[in-house]
Amino acid sequence: MTGRIKQAGPFAIGTVTLTLIAVLFALVITGAIHTLFGGPSTQTIHATFADAQQLKRGDPVRIHGVQVGKVDDISEDRRGPGATVTLDVKRSSGPVHADATATLKWRLLLGRSFYVALDPGTDKAGELRDQMIPMSQTGQQVELDQLSSVDGGAARRGLQTMPGELAKALADPQAPTRALDGLARVAPSLTRSLHAA
């Protein structure tokens, strides 16, 4: 009986040690270690957008496609047009620098559901002061209904004229040959590279 207890001693110590290492590793990977040992696990960043579009509280914040936080609040800017968006971002995602950018992008193909694409910037730019990304460093993806608005005025006339003019340009099968011949006369070196290609 005493021999069994002595043999279990090193085994128990090894098991406890491996368990502690696994727990510590999990805390580091999930970022929970920051919560246990000093400071909050997230940082608050504000970004001023010209238009917050359909962004809502709780929408994701992503860095290089990886979700690192969420939209905590959206408030209209009292000083002028635009909105200030408060982002709650994990500290484990790294520091945010002065040249950071934030862009509203579609979560779905047809829009109406957004996320904030955050580019944390570069070390050489220094820290983001006041945790505020200015409007000059924010933007938004164009929605389909905004694209449809180009069919007014001169843009509409241009769109109506373009198919006919394009058809005329492509009607002559010799036009590309003549264009390449003309190019050959003015750029012999380019002609040689085209022949090689």
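Notes on the overall build of the protein
Then step 1. For the protein, the count of helices and strands is 6 helices and 8 strands.
Then step 2. Traced from its N-terminal end to its C-terminal end, the protein shows the element sequence α-α-β-β-β-β-β-β-β-β-α-α-α-α.
Then step 3. Residues classed as buried in the protein amount to 25% of the 197 residues present.
Then step 4. When contacts within the protein are restricted to residue pairs at least 6 apart in sequence, those whose partners lie at least 24 apart make up 61%.

Focus: unusual backbone geometry
Then step 1. A positive phi angle, close to 50 degrees, is found at histidine 64, a residue other than glycine.
Then step 2. With respect to the helices and strands, histidine 64 occurs in the loop between β2 (60-63) and β3 (66-76).

Remarks on the sheet that holds strand β6 (residues 114-119)
Picture the strands of a sheet paired through backbone hydrogen bonds; they go either parallel or antiparallel.
Then step 1. Here 8 strands make up an open sheet; going across it, the order is β7-β1-β4-β3-β2-β6-β5-β8 and the pairing mixed. If you trace the sheet from one side to the other, it starts and ends with β7 (132-133) and β8 (138-140), each paired once.
Then step 2. Here strand β5 (residues 101-106) pairs with β6 via 6 bridges, running antiparallel. Across the sheet, residue lysine 105 finds its bridge partner in β6, namely tyrosine 115.

Let's talk about the nonpolar core
Then step 1. Ile45, Val61, Leu87, Val116, Leu118 and Ile133 are the most contacted members of the largest nonpolar core, which totals 21 residues.
Then step 2. Breaking this core down by element, the ones donating at least two residues are β1 (42-49), β2, β3, β4 (83-90), β5 and β6.
Then step 3. Other than its neighbours up to four places away in sequence, isoleucine 45 contacts Val85, Thr86, Leu87, Val89, Val96, Leu118, Leu128, Gln131 and Ile133.

Re the confidence of the model for the protein
Then step 1. Averaged over every residue, the pLDDT of the protein is 78; the share at 70 or more is 76%.
Then step 2. Averaged pLDDT values over the elements of the protein bottom out at 52 in helix α3 (residues 144-147) and peak at 94 in β2.

Let's talk about the pattern of salt bridges
Then step 1. For the structure on display, the rule yields 3 salt bridges.
Then step 2. Among the salt bridges present, the one from aspartate 59 reaches arginine 107, with a minimum N-O distance of 3.4 Å. In this pair, aspartate 59 sits in the loop between β1 and β2 while arginine 107 sits in the loop between β5 and β6, placing the two residues 48 residues apart along the sequence.
Then step 3. With a relative accessible area of 3%, aspartate 59 lands in the buried category.

A look at the pairing of β6
Then step 1. Burial analysis of β6 places 5 of its 6 residues in the buried class, which makes it a mostly covered element.
Then step 2. Pairing of β2 with β6, which is carried by 2 bridges, proceeds in the parallel orientation. Across the sheet, the residue bridging to valine 61 is valine 116, located in β6.

Remarks on the side chain of aspartate 88
Then step 1. With respect to the helices and strands, aspartate 88 occurs in strand β4.
Then step 2. No salt bridge is formed by the buried aspartate 88; the nearest opposite charge belongs to lysine 70, separated by 4.2 Å.
Then step 3. There is a polar contact of 3.1 Å between the side chain of aspartate 88 and the side chain of threonine 42.
Then step 4. Apart from the residues within four sequence positions on either side, aspartate 88 is in contact with Thr42, Gln43, Thr44, Val68, Gly69, Lys70 and Asp72.

A short note on the side chain of threonine 138
Then step 1. Position of threonine 138 among the secondary structure elements: in strand β8.
Then step 2. Given a relative accessible area of 15%, threonine 138 falls into the buried group.
Then step 3. Polar side-chain contacts of threonine 138 include one of 2.7 Å to the backbone oxygen of threonine 48.
Then step 4. Ignoring anything within four residues of it in the chain, the contact list for threonine 138 reads Ala47, Thr48, Phe49, Ala102 and Ile133.

Here we look at the environment of threonine 15
Then step 1. Assignment of secondary structure puts threonine 15 in helix α1 (residues 2-30).
Then step 2. A residue is classified by how much of its surface remains accessible, and threonine 15, at 39% relative accessible area, is partly exposed.
Then step 3. Polar side-chain contacts of threonine 15 include one of 2.8 Å to the backbone oxygen of phenylalanine 11.

Conventions adopted
Residues numbered from 1 in each chain as written. Predicted model: local features only at pLDDT ≥ 70, side-chain atom pairs only at ≥ 80, totals over all residues. Heavy atoms only, no water. Helix = DSSP H or I, 4+ residues; strand = E, 2+ residues; numbered from the N terminus. Buried < 20%, exposed > 50% of the residue type's maximum accessible area, 1.4 Å probe, protein only. Contact = heavy atoms within 4.5 Å. Pairing = 2+ DSSP bridges. Core = buried A, V, L, I, M, F, W, Y, C linked by side-chain atoms within 4.5 Å. pLDDT = per-residue confidence, 0-100. Salt bridge = Lys/Arg side-chain N within 4 Å of Asp/Glu carboxyl O. Lys, Arg positive; Asp, Glu negative; His and termini not counted. Polar contact = N/O pair within 3.5 Å; in protein donor to acceptor, adjacent residues only side chain to side chain.

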